[in-house]
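# Chain and residue survey
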Amino acid sequence: MKVLVAAKRVVDPNVRVRVKADHSNVEIEHSKMSLNPFDENAIEEAVRLKEKGLVTEIVALSIGTIKSEETLRTALARGCDRAILVESNENYEPLNIAKIFAHIAKEEKPDLILLGKQAIDDDANQMAQMLAGKLNLPQVTCASSLDVNGNSIRVVREIDAGNETLEINLPAVISADLVLNEPRFIKLPQLMMAKKKPIEKKLAADLGLDLSAHSRLISVTDGEVKKQCKFLTNLNDVVNVIKANGV
Amino acid sequence: MKVLIIALARNNQINPNLANVLTAAHKISSVCDVLVLGAADLSKVTSYSGITSIYHAANLTSNDLLASNLTESLANIAKGYTHVLMASDSAGKDLLPRVAGFLDMGQISDVLAISSPNIFKKPMYAGNIIAEVESFDEIKFLTIRTICFDAVASSGNAAVVNKELLVDTDNKIQFVSEKLSVIETVGLASAKRIVSGGRSLGSKESFDEVIGGFAVKIGAAIGASKAAVEAGYANNDCQVGQTGKIVAPELYIAVGVSGAVQHIAGMKDSKKVLAINNDPNAQIFEYADYGYVGDLFEVIPEIMRGL
Ligand SMILES: Cc1cc2nc3c(=O)[nH]c(=O)nc-3n(C[C@H](O)[C@H](O)[C@H](O)COP(=O)(O)OP(=O)(O)OC[C@H]3O[C@@H](n4cnc5c(N)ncnc54)[C@H](O)[C@@H]3O)c2cc1C
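Now for a description of the structure that goes with this document. Computed from a predicted structure; not experimentally measured.

### Here we look at the overall build of chain B
The secondary structure content of chain B amounts to nine helices and 16 strands. Viewed in the frame of its principal axes, chain B has a C-alpha envelope of about 60 × 40 × 40 Å. Across chain B, contacts joining residues at least 24 apart in sequence account for 64% of those joining residues at least 6 apart. Put simply, chain B shows about 11700 Å² of open surface, and 47% of that area lies on carbon and sulfur atoms. Averaging the locations of the 25 positively and 31 negatively charged side chains of chain B gives two centres separated by 3 Å.

### What to know about the interface of chain A and chain B
Opposite the 77 residues of chain A that make contact, chain B presents 84 residues. Carbon and sulfur atoms make up 54% of the surface buried where chain A meets chain B, a total of about 7000 Å² over both sides. At the surface where chain A touches chain B, the tally comes to seven salt bridges. Where E134 of chain B meets R216 of chain A, a salt bridge forms, and the shortest distance between an N and an O atom there is 2.9 Å.

### Let's talk about the site of the ligand
Taken together, 29 residues surround the ligand, and among them R199, S225, T243, S258 and N277 of chain B come closest. Looking at the residues close to the ligand, they fall on chains A and B. Between the ligand and L296 of chain B, the relevant distance is 2.9 Å, taken from a nitrogen atom to a main-chain nitrogen or oxygen of the residue. The protein chains hide 81% of the 980 Å² of surface that the ligand would expose on its own. Put simply, the parts of the chain that give the shell around the ligand at least two residues each are helix 7 (226-230), helix 8 (261-267) and helix 9 (296-306) of chain B. Its residues placed into classes, the shell around the ligand shows 10 nonpolar, 15 polar and four charged.

### Considerations on the sheet that holds strand 14 (residues 251-255) of chain B
Strands in a sheet are paired, the pairing made by backbone hydrogen bonds, and the direction either parallel or antiparallel. The sheet built from six strands is open, its strands ordered 15(A)-16(B)-15(B)-14(B)-12(B)-13(B) with parallel pairing. Among the strands making up the open sheet, the edge pair consists of strand 15 (230-232) of chain A together with strand 13 (221-224) of chain B. Along the sheet, successive strands turn relative to each other by an average axial angle of 20°, direction set aside. By the bridge criterion, five bridges tie strand 12 (residues 193-197) of chain B to strand 14 of chain B in an arrangement that is parallel. In the sheet register, I194 of chain B faces strand 14 of chain B, and the bridge partner there is Y252 of chain B. Contacting strand 14, strand 15 (272-277) and strand 16 (290-293) of chain B, helix 9 of chain B runs over the sheet at an angle of about 130° to strand 15 of chain B.

### Digging into the environment of V26 of chain A
For V26 of chain A, the position within the fold is in strand 4 (residues 26-27). When the C-alpha atoms of V26 of chain A and G223 of chain A are compared, they prove to be 12 Å apart, with 197 residues separating the residues in sequence. When neighbours within four sequence positions are excluded, V26 of chain A is seen to be in contact with V17, R18, V19, K20 and V220 of chain A together with Y125 and I129 of chain B.

### Focus: the packing of aromatic side chains
All names here are of chain B. Using the criterion set out here, one finds one aromatic pair over all chains in the structure. It is K2 that lies over the ring of Y81; its NZ or CZ is 4.9 Å from the centre. Looking at K163, its charged tip hangs above the ring of Y55, at a distance of 5.5 Å from the centre.

### A closer look at the pattern of salt bridges
Residues and elements named next belong to chain A. Evaluated as defined, the whole model comprises 32 salt bridges over all chains. For the salt bridge of E224 with R16, the shortest nitrogen-to-oxygen distance reads 2.9 Å. On the criterion of sequence distance, the pair formed by E224 in the loop between strand 14 (215-222) and strand 15 and R16 in the loop between strand 2 (9-11) and strand 3 (18-19) is long-range, its members being 208 residues apart. Its relative accessible area of 24% is what places R16 among the partly exposed residues. Here E69 makes a salt bridge to R73, at a shortest N to O gap of 4.0 Å. Taken together, the residues E69 and R73, both in helix 2 (residues 68-77) and four residues apart, mark about one turn of the helix.

### Side note on helix 4 (residues 127-135) of chain A
For helix 4 of chain A, the tally of buried residues reaches eight of nine residues, placing the bulk of the element in the interior. Every buried residue belonging to helix 4 of chain A is among M127, A128, Q129, M130, L131, A132, G133 and L135 of chain A, and all of these are buried. Contact partners of the buried residues in helix 4 of chain A: helix 3 (94-108), strand 8 (112-116), strand 9 (139-149) and strand 12 (172-176) of chain A together with helix 4 (90-102) of chain B. Count one or two residues on from helix 4 of chain A and you reach N136 of chain A, which has phi positive near 55°.

### Description of the pairing of strand 9 of chain A
The side chains of a regular strand alternate, residue by residue, between the two faces of the sheet. Among the 11 residues that make up strand 9 of chain A, eight are buried, leaving the element largely enclosed by the rest of the structure. Between strand 9 of chain A and the antiparallel strand that follows it, strand 10 (residues 152-159) of chain A, lie two residues; G150 of chain A among them carries a positive phi value of about 60°.

### Topic: a nonpolar patch on the surface
All names here are of chain A. A surface patch of nonpolar side chains, amounting to about 290 Å² of accessible area, comprises L188, L191 and M192. Secondary-structure assignment places M192 in helix 5 (residues 188-194). The exposure class of M192 is partly exposed, given its relative accessible area of 45%.

### Regarding the sheet that holds strand 5 (residues 108-111) of chain B
All names here are of chain B. Taken in spatial order, the seven strands of this open sheet run 5-9-4-1-2-3-10, and their pairing is parallel. Looking at strand neighbours, the two that pair on one side only are strand 5 and strand 10 (160-162), the edges of this open sheet. When strand polarity is set aside, the average angle formed by the axes of neighbouring strands in this sheet is 25°. Sheet topology note: the strand 1 (residues 3-8)/strand 4 (residues 83-87) ladder contains three bridges and is parallel. When the sheet's bridge partners are listed, I5 is paired in strand 4 with L85. Here helix 1 (residues 18-26) sits on the sheet and contacts strand 1, strand 2 (32-37), strand 4 and strand 9 (140-144); the angle it forms with strand 1, its principal contact strand, is near 170°. Across the sheet, helix 3 (residues 67-78) is in contact with strand 1, strand 2, strand 4 and strand 9; its angle to strand 2 comes to roughly 165°.

### Examining the environment of L22 of chain B
Residues and elements named next belong to chain B. Relative to the assigned elements, L22 resides in helix 1. L22 sits 148 residues away from D170 along the chain, and the two C-alpha atoms are 33 Å apart. In this structure L22 touches I5, C32, V34, Y48, S49, G50, I51 and V152, once residues within four positions along its chain are discounted.

### Details of the nonpolar core
Residues F101 of chain A together with L37 and F141 of chain B are the most contacted members of the largest nonpolar core, which totals 54 residues. With eight residues, helix 3 of chain A is the single largest residue contributor to this core. Non-local contacts of F101 of chain A, meaning those with residues more than four positions away in its chain, are made with L4, V5, A6, L61, I63, I113, L115, M127 and L131 of chain A. Core analysis: the second largest hydrophobic core is formed by 39 residues, L85, L146, I168 and I199 of chain A among them.

Cut-offs used in this document
Residues numbered from 1 in each chain as written. Chains lettered and ligands numbered in written order. Predicted model: local features only at pLDDT ≥ 70, side-chain atom pairs only at ≥ 80, totals over all residues. Heavy atoms only, no water. Helix = DSSP H or I, 4+ residues; strand = E, 2+ residues; numbered from the N terminus. Contact = heavy atoms within 4.5 Å. Areas by Shrake-Rupley, 256 points an atom, 1.4 Å probe, with all protein chains shown as cover. Lys, Arg positive; Asp, Glu negative; His and termini not counted. Charge placed at Lys NZ, Arg CZ, Asp CG, Glu CD. Buried area = accessible area lost by both parts, 1.4 Å probe. Salt bridge = Lys/Arg side-chain N within 4 Å of Asp/Glu carboxyl O. Near = heavy atom within 4 Å. Polar contact = N/O pair within 3.5 Å; in protein donor to acceptor, adjacent residues only side chain to side chain. Nonpolar A, V, L, I, M, F, W, Y, C, P; charged D, E, K, R; others polar. Pairing = 2+ DSSP bridges. Axes fitted to C-alpha atoms, helices over the stretch in contact; angles between N-to-C directions. Phe/Tyr/Trp six-rings, centres within 6.5 Å; stacked < 30°, edge-to-face > 60°. Lys NZ or Arg CZ within 6 Å of the ring centre and 35° of its normal. Buried < 20%, exposed > 50% of the residue type's maximum accessible area, 1.4 Å probe, protein only. Patch = residues over 30% accessible without salt bridge, like charges linked within 9 Å, V, L, I, M, F, W, Y side chains within 5 Å. Core = buried A, V, L, I, M, F, W, Y, C linked by side-chain atoms within 4.5 Å.

Right, dumping it as C-alpha cells:
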C-alpha cells in the first residue's frame, strides 16, 4: 500500500501571532514555523503502518514557498520515503490546495491519502473533504484509529456525541485527529538521514490548473478577550458565584 | 437570495443548534428552507420561526447518511440556492466542504458573524485572530459557529414536505457501528454550566470523583483539557478547545486547567468563567471573571459542602 501524506508549514503552535499594523493579515515573517501538528499525526500513522509491513512507500506533499522544503525534511526525518514540494508564493485557500493535491494524487496513485484534519493556522478543516469530493473517493474525517485489513480499513471517527466505526475501501482519504497517536521524537540520525532523501520540486503555476481565488481576505483583527479576574479569598464567595448562576 | 440549511438526524433527533443556524440564515435572506436527512421527530423543528419549507428525506440509513454517499445528491440540491448552511459540528464539518469541493467551490468554516450576504467573519489561529473574508462563489457554503447566534423564537409553523433522496451507495464505505457517550457529556455544546478538569486531576478515578461529583451536584456538563483526555481521565468528546468543542455556557468552571491558548479557544465566549488553580500565575486567570488560588482536592469538596 502506498500512502500520500500532507506536510503543511504553519506557525508553531506555541507562538502567539499578531495582527499587522494595517490589519491586512497576521505578522508571521519572523515567527518560528513547524510541521502542522495534525499532519504529524497523519505521518506518524503512515510510518507505524509501514513498520507493521502494511505500507510500502510514504510520499509527503507540501504546497507553499521554497521554505516548505524545511518542513518536508522534518516529514522525511519522521519516516517518509520521499517528498514533493509544489512551490508557490500564493497563500492558496483550501479549495486550491485540494486541486493541487488531487493533481499530484492522480500522478502518484496512492492507495491512501492521509492528512491532518485541520491546519492550526486557518483552522478550516476542509481540505481532506474537498480532495475526497474532487477525486470521488470515500472519506473518513477525524480518525482516532485505523485497522487495515487487506483492501479496506476499519476507521474509528470522533464525533460530537462519541465515535463511530466505518469500513472504508481503498483508495480512500482519511483525516487524522490528534488522538490518533502520539508522534515520536525524532533523533539526530533520522534528521541526518532525511538530508539524503529526495525532494522533487514543481511549480504550482506549471500544473495547468485553474487556481483563481474563490475568496479574499479583507482584514484581520485580534480575537483575544482578556478579562479582569477578581481573585476571591473566601470560599463562601466562590460558593456565591456558583449560586448566582441559579444552582 | 435563497438559503438552504442541511440538518442530519442522529438517533431520531435533530440537534437544537438548528435554531441558531436559522438566526444566521435570516441575516442573509428571509427565504430559508431546511432539509432534514434521516428519520427524526420534527415537532420542535416545525415550530422554529422563519422557515419557508422543511424538506424531509426520512428514508435514509446510517450508511446513506455518510458524507461520501450524500455528496452528489446534495450538490444537485445546492444548485437551487445562493447559500447552503450547516452548523459547524461534526456532521457539518464532514459534509459541507466535500459538497463544496465536488462543485469546485470554496467554503467558509466556523462563521462567527455575517457582515453581508458575501462577507463573513471567521476565526483563525485558535480564535486569536478573527478574519473578515469575502466569498466570490456562486453558492456560498458556510458552517456556522452556533454559539455566536441566538436561537430563533419558537413561534413558527412550517409545513413538512416529504422528499425522496437518491443516495449513491457504491459500497466504497460502510457504516459499522456507533458508540455514543453517556448523557451528561452529550449536552456539552449547549450546557448552561460546565465543570472542566485538567491534567492535575491525576487519575480517572479522581477525575470522576472530583469533577464528576461536582458536576452532578451543580447540574453541569463535564469538560476536559486535552491533557486530561490524553491521559485517559475523560472521554475525547469532553475535550474543550481548538480541536475539541467550542462552548459558551453561562458559567464555566475551570479546575486545575492551565489555560493554554488551545483550551481558551474553546471556552472564551463563556458568559462567566471561574478558575480554580494552585498557581496564582496560571494563564487561565487572565481569561476568568473570578479566580480562587488553592489545591483543587481541598477546594472542591469544601465548595460542595457550602452549596
Ligand atoms: C495542535 C494543538 C491542539 C490542541 N488542542 C487543544 C484543545 O482543543 N483543548 C485543550 O485543552 N488543549 C489543547 N491542546 C493542548 C494545550 O496546548 C495544553 O497542553 C493543554 O490544554 C494543557 O492541559 P491542562 O491545562 O490540563 O494541563 P497543564 O498545562 O499541565 O496544567 C495543569 C494545571 O493544573 C494546575 N494544578 C496542578 N495541580 C493542582 C492542584 N492540586 N490544584 C489546583 N490546580 C492544580 C497547574 O497549576 C496547571 O495550571 C492542543 C495543543 C496543540 C499543539
